[in-house]
Amino acid sequence: MSFGQNLQCLRKMRNMTQEALAEKMDVSRQTVSIWELEVSHS
């Protein structure tokens with residue numbers, strides 16, 4: 001399981017939205033989405 005898949009799975013197990021996780025981690029919701037989708041900015 002990749003980091004993005006693991007993050008999404010754990011977040012959903014805790015019934016958290018990307019927004020809620022982002023607030024807890026002090027990042028934007030877009031950042032959480034990028035992590036989960038494993039988008040690379042090269």
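## What about the environment of Gln30?
Next, step 1: Its location among the elements puts Gln30 in helix α3 (residues 29-37).
Next, step 2: On a C-alpha basis, the gap between Gln30 and Gln18 in space is 8.3 Å, while along the polypeptide they are twelve residues apart.

## Here we look at the nonpolar core
Next, step 1: In this structure, Leu7, Met16, Leu21, Ala22 and Val32 together form the largest nonpolar core, which totals five residues.
Next, step 2: In this view, Val32 contacts Gln18, Leu21, Ala22 and Val27; residues no more than four positions away in its chain are not counted.

## Things to note about the pattern of salt bridges
Next, step 1: Applying the stated rule across the entire model yields one salt bridge.
Next, step 2: One salt bridge in this structure joins Arg11 and Glu36, with 2.6 Å as the shortest N-O distance. One end of the pair, Arg11, is in helix α1 (residues 3-13); the other, Glu36, is in helix α3, and 25 residues separate them in sequence. Residue Arg11 shares its accessibility class with Glu36, and that shared class is buried.

## Topic: helix α2 (residues 18-25)
Next, step 1: If you check which residues of α2 are buried, you get Gln18, Leu21 and Ala22. For α2, the buried positions fall inside an angular range of 100° around the axis, keeping them on one side. In α2, the exposed positions that point more than 90 degrees away from the buried face belong to Glu23 and Lys24.
Next, step 2: On its buried face, α2 sits against α1 and α3.
Next, step 3: Just downstream of α2, Asp26 is the residue with a positive phi angle, here 60°.

Basis of the calculations
Residues numbered from 1 in each chain as written. Predicted model: local features only at pLDDT ≥ 70, side-chain atom pairs only at ≥ 80, totals over all residues. Heavy atoms only, no water. Helix = DSSP H or I, 4+ residues; strand = E, 2+ residues; numbered from the N terminus. Core = buried A, V, L, I, M, F, W, Y, C linked by side-chain atoms within 4.5 Å. Buried < 20%, exposed > 50% of the residue type's maximum accessible area, 1.4 Å probe, protein only. Contact = heavy atoms within 4.5 Å. Salt bridge = Lys/Arg side-chain N within 4 Å of Asp/Glu carboxyl O. Arc of directions from axis to C-beta.

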